[in-house]
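Tertiary structure, described
Read off the chains here:
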Amino acid sequence: DAGVIQSPRHEVTEMGQEVTLRCKPISGHDYLFWYRQTMMRGLELLIYFNNNVPIDDSGMPEDRFSAKMPNASFSTLKIQPSEPRDSAVYFCASRPGWTNEKLFFGSGTQLSVL
Amino acid sequence: SQQGEEDPQALSIQEGENATMNCSYKTSINNLQWYRQNSGRGLVHLILIRSNEREKHSGRLRVTLDTSKKSSSLLITASRAADTASYFCATVNSGNTPLVFGKGTRLSVIA
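Residues numbered from 1 in each chain as written. Chains lettered and ligands numbered in written order. Predicted model: local features only at pLDDT ≥ 70, side-chain atom pairs only at ≥ 80, totals over all residues. Heavy atoms only, no water.

Observations concerning the pairing of strand β8 (residues 74-79) of chain A
Residue and element names in this part refer to chain A. In this structure, strand β3 (residues 19-24) lies alongside β8, joined through 5 bridges in antiparallel fashion. Counted as the bridge partner of Val19 is Ile79 from β8. The pairing of strand β7 (residues 65-71) with β8 spans 5 bridges and is classified as antiparallel. The residue of β8 that forms the bridge with Lys68 is Thr76. Connecting β7 to the antiparallel partner β8 that follows it, the hairpin turn spans 2 residues. (Pairing = 2+ DSSP bridges. Helix = DSSP H or I, 4+ residues; strand = E, 2+ residues; numbered from the N terminus.)

This is how it looks when you write it as structure tokens:
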């Protein structure tokens, strides 16, 4: 298996632009998580899905953030409009449904909003 | 909110020395996990210890858990330059609740 795949690896955009981050979880994994990492706040959980259904989005900072999982092999995190304070590394992670013992992370998307 | 808090924030040691990192948490847990993050990469799972376990080993890694003190430690023995990374603890409160991560310890192993 190729692991969790995220794209793009790097994204540089201007304030006000729409940004879409993509994630392909490991096949067979029922849970998908979006985390954001910054120096100040560490690793924050934004939202997670179980069987494509959003379970908890209380970590989504504002209405500018939205996430979808249209099928078991694809998820997006969208920021519209983007702001400089959204600059961070965004990670997608997945795990099987039968165990809460190991999370598999993608390589992350480094987002810079100018 | 963050459950685990690692200590120290940064640690610098010579190759061959042992590195010890600590993690404290606030509420009761189902299990506690340690992850490593190399610069510019995603987190990689290292080891898990359940709430009814006190110590666990995996290669050069040794993890202890003290539920009465709500703390855990990760010991890396005979460190190597390749161990240079950030190390995070993460806790699972119960069932299928998501992992909550601390801010990590940055370990530098100098050759």
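Some points on the sheet that holds strand β7 (residues 61-66) of chain B
All names here are of chain B. Judged by pairing direction, the sheet is antiparallel, and its 5 strands sit side by side in the order β1-β3-β8-β7-β6 without closing on themselves. The sheet is open, and its two borders are formed by β1 (5-7) and β6 (55-58), each paired with just one other strand. Each adjacent strand pair in this sheet contributes to an overall mean axis angle of 20°, direction not counted. Across 6 bridges, β7 lies against strand β8 (residues 71-76) in antiparallel orientation. Each residue of the ladder has a partner; that of Thr64, found in β8, is Ser73. (Axes fitted to C-alpha atoms, helices over the stretch in contact; angles between N-to-C directions.)

Some points on the packing of aromatic side chains
Residue and element names in this part refer to chain A. A full pass over the atoms with the stated rule returns 10 aromatic pairs over all chains. Between Tyr31 and Tyr48, the ring centres sit 6.4 Å apart and the planes meet at 25°, which makes this aromatic pair stacked. Residue Tyr31 is found in strand β4 (residues 31-38), and its partner Tyr48 is found in strand β5 (residues 42-50); the two are separated by 17 residues along the sequence. Accessibility expressed as a relative area gives 7% for Tyr31, which makes it buried. Accessibility expressed as a relative area gives 8% for Tyr48, which makes it buried. Arranged with centres 5.2 Å apart and planes meeting at 20°, the rings of Phe33 and Tyr48 form a pair that is stacked. Placement of Phe33 in strand β4 and of Tyr48 in strand β5 is noted, with a sequence separation of 15 residues between them. The aromatic ring of Tyr31 is capped on one face by Arg95, whose charged end is 4.1 Å from the ring centroid. (Phe/Tyr/Trp six-rings, centres within 6.5 Å; stacked < 30°, edge-to-face > 60°. Buried < 20%, exposed > 50% of the residue type's maximum accessible area, 1.4 Å probe, protein only. Lys NZ or Arg CZ within 6 Å of the ring centre and 35° of its normal.)

Structural notes on the side chain of Gln37(B)
In this fold, Gln37(B) is placed in strand β4 (residues 31-37). For Gln37(B), a relative accessible area of 10% puts it in the buried group. At 3.0 Å, the side chain of Gln37(B) and the side chain of Gln37(A) are in polar contact. There is a polar contact of 2.9 Å between the side chain of Gln37(B) and the backbone oxygen of Arg41(B). Contact partners of Gln37(B), with chain neighbours within four places excluded, come to Gln37(A), Phe91(A), Gly42(B), Leu43(B), Ala85(B), Ser86(B) and Phe88(B). (Polar contact = N/O pair within 3.5 Å; in protein donor to acceptor, adjacent residues only side chain to side chain. Contact = heavy atoms within 4.5 Å.)

Quick look at the pairing of strand β3 (residues 19-24) of chain B
Two faces make up the sheet, and in a regular strand the side chains alternate between them. Residue and element names in this part refer to chain B. Side chains of β3 alternate between two faces, with Ala19, Met21 and Cys23 buried and Thr20, Asn22 and Ser24 left unburied. Two elements, β3 and β8, share 6 bridges in a ladder whose sense is antiparallel. Paired with Cys23 across the strands is Ser72, a residue of β8.

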